[in-house]
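Descriptive analysis of the structure
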Amino acid sequence: QVQLVESGGGLVQAGGSLRLSCAASGSTVSINTMGWYRQAPGKQRELVATITLSGRTNYADSVKGRFTISRGNTKNTVSLQMNSLKPEDTAVYYCPAGPTPIVTTAYWGQGTQVTVSS
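Presented here is an overview of the structure given in this document.

Here is what the cut-offs are and how they apply
Residues numbered from 1 in each chain as written. Predicted model: local features only at pLDDT ≥ 70, side-chain atom pairs only at ≥ 80, totals over all residues. Heavy atoms only, no water. Pairing = 2+ DSSP bridges. Helix = DSSP H or I, 4+ residues; strand = E, 2+ residues; numbered from the N terminus. Axes fitted to C-alpha atoms, helices over the stretch in contact; angles between N-to-C directions. Salt bridge = Lys/Arg side-chain N within 4 Å of Asp/Glu carboxyl O. Buried < 20%, exposed > 50% of the residue type's maximum accessible area, 1.4 Å probe, protein only. Disulfide = S-S within 2.5 Å.

1. Some points on the sheet that holds strand 1 (residues 2-7)
The strand order 1-3-8-7 describes an open sheet built from four strands, whose pairing is antiparallel. This sheet does not close on itself; its edge strands, each paired only once, are strand 1 and strand 7 (67-71). Within this sheet the neighbouring strands show an average axis-to-axis angle of 15 degrees, counted without direction. The pairing of strand 1 with strand 3 (residues 18-26) spans six bridges and is antiparallel. From the neighbouring strand, Glu6 faces strand 3, where its bridge partner is Cys22.

Here's what the structure looks like:
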């Protein structure tokens, strides 16, 4: 099993920045892809960004150019640098991990709240 713990959420004004982090523990040898999804009230959970073990990244169009995903040196951590935040970025942000570049959401963290005020 893999456990994922997110941190770094909070309240920020529009135009500001936040950095989210996620640390994996347990059977981390099984992890290839890590990433970030988000879910706003009344909406479905949606992809924000993913990154594979080889460093290949994928971003939602809505965050391209504003958010940057990165893996830590141990490959068991993933961060999301969020710049130029907008009120529509307000959501609970979840960190998933998966064993392949295709199966990317086998495990989930509990989520961290990001609120962007206008």
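2. Thoughts on the pattern of salt bridges
A full pass over the atoms with the stated rule returns four salt bridges. Between Asp89 and Arg38 there is a salt bridge, with the nearest N and O atoms lying 2.9 Å from each other. Residue Asp89 is located in the loop between strand 8 (77-82) and strand 9 (91-94), and its partner Arg38 is located in strand 4 (residues 33-39); the two are separated by 51 residues in the primary sequence. Of the two residues, Asp89 and Arg38, neither departs from the other in class, the shared state being buried. For Asp89, the salt bridge goes to Arg66, with nearest N and O atoms at 2.8 Å. In this pair, Asp89 sits in the loop between strand 8 and strand 9 while Arg66 sits in the loop between strand 6 (57-59) and strand 7, placing the two residues 23 residues apart along the sequence.

3. Things to note about the state of the cysteines
Each disulfide consists of a covalent bond between the sulfur atoms of two cysteine residues. Inspection of the entire model under this criterion finds one disulfide. What pairs with Cys22 in a disulfide is Cys95, and their sulfur atoms sit 2.1 Å apart. Here the disulfide of Cys22 and Cys95 is left-handed, its torsion about the S-S bond being about -80 degrees. One end of the pair, Cys22, is in strand 3; the other, Cys95, is in the loop between strand 9 and strand 10 (96-98), with 73 residues separating them in the sequence. For the pair formed by Cys22 and Cys95, the shared burial category is buried.

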